[in-house]
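# Report on the structure
If you want the building blocks of each chain, they are given just below.
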Amino acid sequence: MKYAIYSQHPDINPEMWVDIDKIIAKWRHIPGSVITVLRECQDIVRYLPSELIVHISKGMQIPVSQVFGVATFYSFFSLTPKGRHNVKVCTGTACYVKGIKETINRIYGKYHLKEGGTTEDRRFSLEGVRCLGACGLAPVMVVNKDIYGAVSAEKVVQILEKYE
Amino acid sequence: MNQTRIQLMLCGGTGCHSTGCEKVRIALLQEIEKQGLAGEVEITITGCNGFCAVGPVMVVLPEGIFYQKIQPEDAAELVESHFLRGTLVQRLLYKNPANKKIIPKMDDIPFFSSQVFRAMRNKGLIDPEVIDEYIARDGYFGAAKALTEMSPDDIINEMMTSGLRGRGGAGFPAGMKWKFAKEAKGDVKYVLCNADEGDPGAFMDRSILESDPHSVLEGMIIAAKAINSHKGYIYCRSEYPLAVKRLGIAIDQAKDYGLLGEDILGSGFDFDVEVYQGAGAFVCGEETALMRSIEGKRGMPIPRPPFPAQKGLWGKPTILNNVETLANVAQIILNGGKWYASIGTATSKGTKVFALSGDVCNIGLVEVPMGTTLKTLVYDIGGGIPDKRKFKAVQLGGPSGGCVPERYLDTPIDYEEISKVGAIMGSGGAIVMDNTTCMVDMARYFMDFIQDESCGKCTPCREGTKHILTLLENMCKGKGKPGDIEQLLELSDVVKKSSLCGLGQTAPNPVLSTLKYFRDEYEAHIFDKTCPAKICPDLVKFQVESDKCKMCGLCFKSCPADAITWKKKEVAVIDKTKCIKCMSCYDKCKFDAIL
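Here the structure is a predicted model, which is why all the values come from computation and not from measurement.

### A few points about the environment of Gly64(B)
Residues and elements named next belong to chain B. Looking at the element boundaries, Gly 64 is found in the loop between strand E3 (58-61) and strand E4 (65-67). Measuring from C-alpha to C-alpha, the distance between Gly 64 and Lys 105 comes to 5.5 Å, with 41 residues separating the pair along the chain. Residues within four places of Gly 64 in sequence aside, it is in contact with Val 59, Pro 104, Lys 105 and Met 106.

And the structure:
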């Protein structure tokens, strides 16, 4: 395939490149599929390094500026590396009223981890996300795919310590 | 062979899932097996029951007994006592907080008894992953009627009679929208479902998709017939993985049954639906932005007209309806528009689903007839405010809405009446706030949200919200100046009048409504440099008042920054150089000793 020119990248191994090309081949003829391609590629690499964005743009035959524009527009995409465990704290109104701020402060106190940041050892990334729609459990935190409800500042460290 | 004697409807919604319903299911299965009741007692995992606050919940049919907060350890007792001997397990039943009386039946619990289920009529009654259960509850009968007996005009007339208005927030009559799209010229037309539920505090669409996905598909089929469209998309938030999964299952099953795809039910009508996952942008809830997003572009709105009904997705006539709106459609077609319009007020018909959350006892999802007062919603259904605190306001409509204070609680739920008091119906988020909520901080919170989510295309929204936010942040930090309130009002007016899309046009609402009803709090922040609710950390002194301190040491234990020194029988001292103003000591102190 013409677009399969690989750049060296520490976070993308050869198998990943093969999978990425499969994704591009599957979607390149379907209009409007850039978001889907970015999503699937991010699932593999866990973030979108600029080399990958350039690669996708060549493969999809869409200007880099456009792919980059889409990748930066949506909060789902990350252009910086993520930690092994992705911690999402809900910053929706119900969680806010129920004190997610204290929880976030406690996470900062313990791990020096700010919203949008990753710990140095790449153990955790912290994301403040829009309402997760689980307001009945506020304040809510999601670690990888596990949902935790009523996460008070007291409980949060105890929960996070389970993730190595 | 044994016949199923007891049906257990165990809630598998996101709320109950996180409180451990899966473990409960396994424990129950084991116990049922052990007691030899397999075949007699059957477990169904349903979608969200609505009463998320007391999860995991289970309803035992046929009697309709409601069990709450079930743990795996309770399985043995439930099976032995209730299912084997017929004695209810008292300690797991609902207890009325007002008089401590036990209410065993779900329908008698005040939370449920004031509700009328239309959009959520199947919630907790069917397994959302089994199409037959939906069909057994008259599912797809509406679509069949629309496809075989009705003309597009008949459908649109029925929708107009029903008075159903868009449940996503704006309240535009659904039938009218369809009429415009039907009359628009073009061979290719699209039916879109807006499942990009973005308002913080609103989760009814997620719940409907998770508990009854077929009702949305059926609504889309009927809409497709009305405007002669053959392709539909459901634009769903990627934050809702369970909803996406269940929609996928529902679409596959509907295709297998010949209810989607080519020649639906032999009527010669083709319609196909695809799920499109959003990638996290609040503005994509705006119709033109949503369409740009499906086209694979940055989700930025474009000026209207042309309206999507003329030129929408890929430039073709398109209708976009919200999940809750579509979930009502099949019943309107089946039972008639007049039936739907039989409840409600003069201008708002039918029911509305609210996501009740915040400082209220019964957090969860409720569906009430239009015209119900906010008081009924908060007190009768919501059970009032917990911890003997006082009601302050209810926030309706999320970042585009406003706060309704106590004196307007008699306002009926009605599109026009609610906007008269400065809020909007919105998508149905109802966040109750008690007297520990700071309204300036609340306005700041919403503005922060809007500022973050503003797509940046038009200047008033991009820059205006930023300045409003700066003003509010300064107030919360004790740096507010005289004249700030006037400037807020002026800026809000400009942003409201000159923004391109609904996001910007409604963005100042939270500021305006709090200013209208809680101006004294703004003034306290600006002139007295105090936060009456003691929420803004910069306006809290973090000093321990020695005559109030009971030397209990709770603050010392709660401090994450080791800023508090305390010994037994000594008043605690806060070291301000170490204090990170996290408020945990303040929250812990039972004696209001921290200033």
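Having seen the structure, we can now continue with the description.
### Considerations on empty space enclosed by the protein
Here the structure, examined in full by the defined rule, presents five cavities of 30 Å³ or more. Put simply, the largest cavity is a space of about 100 Å³. Grouping the constituent residues of the lining of the largest cavity by class yields 12 nonpolar, one polar and one charged.

### Some remarks on the layout of surface pockets
Residue and element names in this part refer to chain B. For the second largest pocket, the calculated volume is near 1300 Å³. Put simply, the parts of the chain that give the lining of the second largest pocket at least two residues each are helix H8 (174-183), strand E10 (318-322), helix H16 (415-420) and helix H20 (502-506). In terms of residues, the lining of the second largest pocket owes the most to one element, E10, which gives five residues. Looking at the lining of the second largest pocket residue by residue, the class counts come to 16 nonpolar, 21 polar and 11 charged.

### Digging into helix H15 (residues 374-381) of chain B
Residues and elements named next belong to chain B. Residues of H15 that are buried: Leu 374, Leu 377, Val 378 and Ile 381. Considered in projection along H15, the buried side chains sweep an arc of 125° and stay on one side of the axis. Structurally, H15 contributes buried residues whose contacts are with helix H4 (110-113), strand E11 (351-358), strand E12 (364-369), strand E13 (391-396), strand E14 (402-405) and strand E15 (429-434). Positioned one or two residues after H15, Gly 383 has a phi angle of 75°, which is positive.

### So, the domain arrangement of chain A
Each assigned domain of chain A is listed with its residue range as follows: domain 1 (14-73) and domain 2 (85-160). Relative to domain 2 of chain A, the C-alpha centre of domain 1 of chain A lies at a distance of 29 Å.

### Examining the sheet that holds strand E8 (residues 231-236) of chain B
Residue and element names in this part refer to chain B. Spatially, E9-E8-E7-E10 is the arrangement adopted by the four strands of the open sheet, whose pairing is parallel. The sheet terminates laterally at strand E9 (272-277) and E10, the two strands that pair on one side only. Averaged over neighbouring strand pairs, the angle between their axes works out to 20° when direction is ignored. In this structure, strand E7 (residues 190-195) lies alongside E10, joined through five bridges in parallel fashion. Note on E10: the bridge partner recorded for Leu 192 is Leu 320. Its contacts with the sheet put helix H13 (residues 323-335) on E7 and E10, and the angle it makes with E10 is roughly 95°.

### Re the sheet that holds E12(B)
Residues and elements named next belong to chain B. Here we have five strands laid out as an open sheet, ordered E12-E11-E15-E13-E14, and mixed in their pairing. Unpaired on one side and paired on the other, E12 and E14 mark the two borders of the sheet. On average, adjacent strands in this sheet sit at an angle of 30° to one another, irrespective of strand direction. When E11 meets E12, the two strands line up antiparallel, connected through six bridges. Looking across to E12, one finds that Val 353 is bridged to Glu 367.

### Some details on the packing of aromatic side chains
Inspection of the entire model under this criterion finds 20 aromatic pairs over all chains. The interplanar angle of 75° and the centroid separation of 4.9 Å between the aromatic rings of Phe73(A) and Tyr74(A) together place this pair among those described as edge-to-face. Each member of the pair, Phe73(A) together with Tyr74(A), is buried. Ring plane angle 70° and centroid distance 5.2 Å describe the contact between Tyr445(B) and Phe446(B), whose orientation is recorded as edge-to-face. Over the aromatic face of Tyr240(B) sits the side chain of Arg237(B), whose NZ or CZ is 5.0 Å from the ring centroid.

Cut-offs and rules
Residues numbered from 1 in each chain as written. Chains lettered and ligands numbered in written order. Predicted model: local features only at pLDDT ≥ 70, side-chain atom pairs only at ≥ 80, totals over all residues. Heavy atoms only, no water. Helix = DSSP H or I, 4+ residues; strand = E, 2+ residues; numbered from the N terminus. Contact = heavy atoms within 4.5 Å. 1 Å grid on protein atoms, 1.4 Å probe; cavity = no way out; pocket = protein on both sides within 12 Å on 5 of 7 lines; lining within 4 Å. Points joined across faces, edges and corners; volume = space filled by probe spheres on them. Nonpolar A, V, L, I, M, F, W, Y, C, P; charged D, E, K, R; others polar. Buried < 20%, exposed > 50% of the residue type's maximum accessible area, 1.4 Å probe, protein only. Arc of directions from axis to C-beta. Domains from an automatic or database assignment. Pairing = 2+ DSSP bridges. Axes fitted to C-alpha atoms, helices over the stretch in contact; angles between N-to-C directions. Phe/Tyr/Trp six-rings, centres within 6.5 Å; stacked < 30°, edge-to-face > 60°. Lys NZ or Arg CZ within 6 Å of the ring centre and 35° of its normal.

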